Amino acid sequence: MDIGFSAKENAFFILDLQQRYEANGSWAKDVTPVTNDIWETYSGCPPAGKKRTVGNNGMPVWEDLPMMCAAEQCTYDLSEKEKRLRNAEQEIFRLSIIKDLGKLNSAEEIRLRLWKEHFEKIYRTDPSLGKVESWPSAPEI
């Protein structure tokens, strides 16, 4: 599959589908063919703290995300906290049902305790005090 990149749109295009793009009015006039390496490197999720932009040569590059203001960082961290709490709650809920049925084995008991401890650590993390530098790691059991 041949791929092209548009600096103007900061987007990749499948070259074989040019006629379809044009029929839909979505073909960029500055599309330049790129290598599979460029496509694979820049078409997926960016590395943490980066975004895809266009370099001086018209090709994609990773650029650092701008620093968030304190309010934006707090909002982001609160969202991350809620996501992590929901994940822990799901694990605790599943294991608690098995425990309520009296069918929790010893490994699952340990897992339940570790998830509850993990939940507590996240719960006590307060994003309003500043950027959360590192979140507690989820249990690996």
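In case you missed it, the structure is sitting above this.
Conventions adopted
- Residue numbers here run from 1 along each chain, matching the order of that chain's written sequence.
- In keeping with the model being predicted, local features are shown solely for residues with a pLDDT of at least 70 and side-chain atom pairs are shown and tallied solely at 80 or more, while totals for entire chains, interfaces and linings include all residues.
- The basis for every side-chain value is the complete set of non-hydrogen atoms in the structure, without hydrogens or water.
- In this description a helix means any DSSP run of H or I spanning at least four residues, a strand means any run of E spanning at least two, and both kinds are numbered starting from the N terminus.
- Using C-alpha atoms as the atom set, the radius of gyration is obtained and then compared with a globule rule of 2.2 Å times the number of residues to the power 0.38.
- The contact criterion used throughout is that any non-hydrogen atoms of two residues lie within 4.5 Å.
- Here the Shrake-Rupley method, with its probe set to 1.4 Å, supplies the accessible areas, and only the displayed protein chains count as covering residues.
- Positive charge is attributed to Lys and Arg, negative charge to Asp and Glu, and no charge count is given to His or to the chain ends.
- Working definition for charges: the position is that of NZ of Lys, CZ of Arg, CG of Asp or CD of Glu.
- Pairing between two strands requires that DSSP report at least two bridges joining them.
- Between rings of Phe, Tyr and Trp, where Trp is taken as its six-membered ring, a pair exists when centres lie within 6.5 Å; planes separated by under 30 degrees are stacked, by over 60 edge-to-face, and by other angles tilted.
- Type-normalised accessible area, obtained with a 1.4 Å probe on protein chains alone, sets the label of each residue: buried when under 20%, exposed when over 50%, and partly exposed for intermediate values.
- Here a cavity denotes grid points, spaced 1 Å and computed from the protein atoms alone, that fit a 1.4 Å probe unable to get out, and a pocket denotes an open set having protein on both sides within 12 Å along at least 5 of 7 lines; residues with an atom within 4 Å of a point are the lining.
- Grid points are joined across faces, edges and corners, and a volume is the space filled by probe spheres set on the points.
- As a working rule, the residues Ala, Val, Leu, Ile, Met, Phe, Trp, Tyr, Cys and Pro are called nonpolar, Asp, Glu, Lys and Arg charged, and the rest polar, with Gly in that last group.
- Each salt bridge in this description consists of a side-chain nitrogen of Lys or Arg and a carboxyl oxygen of Asp or Glu lying within 4 Å of one another.
- For the purposes of these results, a polar contact is taken to be a pair of N or O atoms within 3.5 Å, where, inside protein, one atom must be able to donate a hydrogen and its partner to accept one; residues adjacent in sequence count only when each atom of the pair is a side-chain atom.

K.L.:
Let's hear about the overall build of the protein chain: which residues, and what values?
P.N.:
Broken down by element type, the protein chain carries 4 helices and 5 strands. Each helix and strand of the protein chain, ordered N terminal to C terminal, gives the series β-β-α-β-α-β-β-α-α. A compact globule built from 141 residues would reach a C-alpha radius of gyration of about 14 Å, whereas the protein chain, at 23 Å, exceeds it by more than 25%. Long-range contacts, defined as pairs at least 24 residues apart, comprise 43% of the intrachain contacts of the protein chain with a sequence gap of at least 6. Split by element, the accessible area of the protein chain, about 10100 Å² in all, is 51% carbon and sulfur. The positive charge centre, built from 19 side chains, and the negative charge centre, built from 23, are 5 Å apart in the protein chain.

K.L.:
Describe unusual backbone geometry, naming the residues involved and giving the relevant values.
P.N.:
For N10, which is not glycine, the phi torsion reads 50° and is therefore positive. Tracing the sequence through the fold places N10 in the loop between β1 (3-6) and β2 (11-14).

K.L.:
Which residues make up the environment of P60, and what are the values?
P.N.:
Here P60 shows up in strand β5 (residues 60-64). Separated by 17 residues in the primary sequence, P60 and S43 have C-alpha atoms spaced 9.3 Å apart. For P60, the contacting residues outside a window of four places in its chain are F5, F12, I38, Y42, R52 and T53.

K.L.:
Lay out the pairing of β2 with the relevant residues and their values.
P.N.:
Across 4 bridges, β1 lies against β2 in antiparallel orientation. Residue S6 lies in a different strand from β2, and its bridge partner there is A11. Where β1 hands over to β2, the hairpin turn is made up of 4 residues, of which N10 adopts a positive phi near 50°.

K.L.:
So, the packing of aromatic side chains: which residues are in play, and what are the values?
P.N.:
One pass over the full model with this rule turns up 7 aromatic pairs. Residues Y42 and W62 carry aromatic rings whose centres are separated by 5.1 Å and whose planes lie at 45° to one another, so their mutual orientation is tilted. Residue Y42 is located in helix α2 (residues 36-42), and its partner W62 is located in strand β5; the two are separated by 20 residues in the primary sequence. The exposure class of W62 is partly exposed, given its relative accessible area of 22%.

K.L.:
Can you tell me about the layout of surface pockets, naming the residues and giving the values?
P.N.:
Volume-wise, the largest pocket comes out at about 440 Å³. G49, M68, Q73, Y76 and K131 are, among the 18 residues lining the largest pocket, the residues nearest its centre. When grouped by side-chain class, the residues that make up the lining of the largest pocket number 10 nonpolar, 3 polar and 5 charged.

K.L.:
Lay out the pattern of salt bridges in plain terms, naming residues and giving numbers.
P.N.:
Evaluation of the coordinates by the stated rule reveals 8 salt bridges. Between K50 and D64 there is a salt bridge, with its nearest N and O atoms 2.5 Å apart. Of this pair, K50 sits in strand β4 (residues 50-54) while D64 is found in strand β5, placing the two residues 14 residues apart along the sequence. Under the relative-accessibility criterion, K50 is labelled partly exposed at 29%. Note that E91 is salt-bridged to R94, the shortest N-O span being 3.2 Å. With E91 and R94 both in helix α3 (residues 70-100) and 3 residues apart, the pair spans about one turn of that helix. When its relative accessible area of 16% is taken as the criterion, E91 is described as buried.

K.L.:
Any chance you could break down the side chain of E91 for me, citing the residues and the numbers?
P.N.:
Reaching out from E91, the side chain makes a polar contact with the side chain of R94 at a distance of 3.2 Å. Setting aside anything within four residues of it in sequence, one finds E91 in contact with R111 and W115.

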